[in-house]
Amino acid sequence: MSVKHPIISVTGSSGAGTTSVKMTFEQIFRRENVNAVYVEGDAFHRYDRAEMKRVMAEEAARGNNNFSHFGPDANLLEELEGVFRSYAENGQGRTRLYMHDREMAERYGYPEGTFSPWEAFPADSDLLFYEGLHGASIIGDIDIPRWADLRVGVVPVLNLEWIQKIHRDRQTRGYSTEAVMDTILRRMPDYVHYICPQFTETDINFQRVPTVDTSNPFVARWIPTPDESMVVIRFKSPRGIDFAYLTSMLKDSFMSRANSIVIPGSKLDLAMQLILTPMIMQLMDRKRRAL
């Protein structure tokens, strides 16, 4: 953690909806004139797409059918913690971009499925914003969340997460349902051991819960809409959270536990604005006073 160089870390698995949460943060940063430097978790994958396929085949030949991006061996987690540490200490660091699709590859001029070169952060950023798989990972000597000032988890219930991933991978990446199912099964051990434990380290979790039948996510023809969902917002420490204000501002919301509020899915963006804006401004006020 750092007063002068704050870090916000958003973590969630593939298909969880972290990209939508990132867009809400971007709106807050723009409105409040916060100059953020962005780090994507995919930038710290160890292998590009072709290399990953090769390594997965080698691991499968050794009897390991569960090698995945969710696990530490497929990622540069020491380097990621190093970037967090460097930024917290002096506001410096570096990152790169992973070319997810053809559109992104054409925009940046690198082949699809590869990385751009590493580049240093600009010198005048206000804070670091991370969004990816391992923003709160503690694995062996690696302790990434210790450097983050605000840790946010994005955690749909499992069947909904699978539905979102299946639809995204089929529509934007051209995968078949069977191929996505194979990916989900391959990742499951790493999901249990390395993704789930992070959500005990986060300060706030946003968990979307569908109110329609998602019992077989592999045949669902559409993703449940926000109006067909509720969102459970859990605070690790409820001290200082004005729940009375939040329930009054968020129509049809209610407290389910002393540290949790349940809201209609359509109110998620508003809830994030109400909850996160004061927290971000508090980080910025601390930074300004320290400087």
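This text follows the structure it describes.
Keep in mind that this is a model prediction, so the values were computed, not measured.

So, how was this worked out
- Residues numbered from 1 in each chain as written.
- Predicted model: local features only at pLDDT ≥ 70, side-chain atom pairs only at ≥ 80, totals over all residues.
- Heavy atoms only, no water.
- Helix = DSSP H or I, 4+ residues; strand = E, 2+ residues; numbered from the N terminus.
- Rg over C-alpha atoms; globule rule 2.2 N^0.38 Å.
- Buried < 20%, exposed > 50% of the residue type's maximum accessible area, 1.4 Å probe, protein only.
- Contact = heavy atoms within 4.5 Å.
- Areas by Shrake-Rupley, 256 points an atom, 1.4 Å probe, with all protein chains shown as cover.
- Lys, Arg positive; Asp, Glu negative; His and termini not counted.
- Charge placed at Lys NZ, Arg CZ, Asp CG, Glu CD.
- 1 Å grid on protein atoms, 1.4 Å probe; cavity = no way out; pocket = protein on both sides within 12 Å on 5 of 7 lines; lining within 4 Å.
- Points joined across faces, edges and corners; volume = space filled by probe spheres on them.
- Nonpolar A, V, L, I, M, F, W, Y, C, P; charged D, E, K, R; others polar.
- Expected span 1.5 Å × (residues − 1).
- Arc of directions from axis to C-beta.
- Pairing = 2+ DSSP bridges.
- Axes fitted to C-alpha atoms, helices over the stretch in contact; angles between N-to-C directions.

Caption draft 1: Representation of the overall build of the chain within the structure. Tallying secondary structure elements over the chain gives 8 helices and 12 strands in all. Its C-alpha radius of gyration of 19 Å places the chain within 12% of the 19 Å reference for a compact globule of 291 residues. Every one of the 291 residues in the chain was classed for burial, and the buried ones make up 51%. Excluding contacts between residues fewer than 6 apart, the proportion of contacts in the chain whose partners are at least 24 apart in sequence is 74%. Of the roughly 14,200 Å² that the chain leaves accessible, carbon and sulfur atoms contribute 50%. The distance from the centre of the 34 positive side-chain charges to the centre of the 38 negative ones in the chain is 2 Å.

Caption draft 2: Spatial organisation of the layout of surface pockets. Approximately 520 Å³ is the volume attributed to the second largest pocket. Lining the second largest pocket are 21 residues, and of these Ile204, Arg239, Ile241, Met279 and Gln282 lie nearest its centre. For the lining of the second largest pocket, the elements supplying multiple residues, two or more each, are α7 (243-249) and α8 (268-290). Examining the composition of the lining of the second largest pocket, we find that 7 residues originate from one element, α8, more than from any other. Here the residues of the lining of the second largest pocket are counted per class, giving 12 nonpolar, 3 polar and 6 charged.

Caption draft 3: Seen up close, helix α3 (residues 77-90). In a regular helix each residue adds 1.5 Å, so 14 residues correspond to 20 Å; α3 covers 20 Å between its end C-alpha atoms and thus fits that length. Of all the residues in α3, the buried ones are Leu77, Leu80, Glu81, Val83, Phe84, Tyr87 and Ala88. Angular distribution of buried residues about the axis of α3 spans 155°; they occupy a single face of the element. Exposed side of α3, more than 90 degrees from the buried face: Glu78 and Glu89 are the residues found there. Buried residues along α3 sit in contact with β1 (7-11), β2 (36-40), β3 (94-95), β5 (127-132), β6 (138-139) and β7 (142-143). One or two positions beyond α3, positive phi appears at Gly91, with a value near 75°.

Caption draft 4: A look at the sheet that holds β2. If you trace the 8 strands from one edge of the open sheet to the other, you get β2-β5-β1-β8-β9-β10-β12-β11, paired in mixed fashion. If you trace the sheet from one side to the other, it starts and ends with β2 and β11 (254-257), each paired once. On average, each strand axis in the sheet is tilted by 20° relative to the strand beside it, whichever way the strands run. Pairing between β1 and strand β8 (residues 150-154): 4 bridges, direction parallel. Bridging across to β8, Ser9 finds its partner in Arg151. Contacting β1, β2 and β5, α3 runs over the sheet at an angle of about 160° to β5. Of the strands in this sheet, β1, β5, β8, β9 (204-210), β10 (229-235) and β12 (260-264) touch α8, which is tilted by about 175° from β9.

Caption draft 5: Quick peek at empty space enclosed by the protein. Within this structure, the stated rule accounts for 1 cavity of 30 Å³ or more. Of the voids in this model, the largest cavity is the one considered here, and its volume is about 100 Å³. Of all the elements in the fold, those that place two or more residues in the lining of the largest cavity are α5 (158-173) and α6 (177-195). If you tally residues by element for the lining of the largest cavity, the top one is α6, at 5 residues.

Caption draft 6: Main features of the pairing of β2. Most of β2 is tucked away, with 4 of its 5 residues classed as buried. Two elements, β2 and β5, share 5 bridges in a ladder whose sense is parallel. Looking at β5, one finds that Ala36 is bridged to Leu127.

Caption draft 7: Spatial organisation of the pairing of β12. Of all 5 residues making up β12, 5 are buried, and the element is well covered by its neighbours. Bridging between β10 and β12 involves 5 bridges; their strand directions are antiparallel. Following the sheet pairing, Val231 is matched in β12 by Ile263. Pairing analysis gives 3 bridges linking β11 to β12, with the strands arranged antiparallel. Counted as the bridge partner of Met255 is Ile261 from β12. Between β11 and the antiparallel strand that follows it, β12, lie 2 residues.

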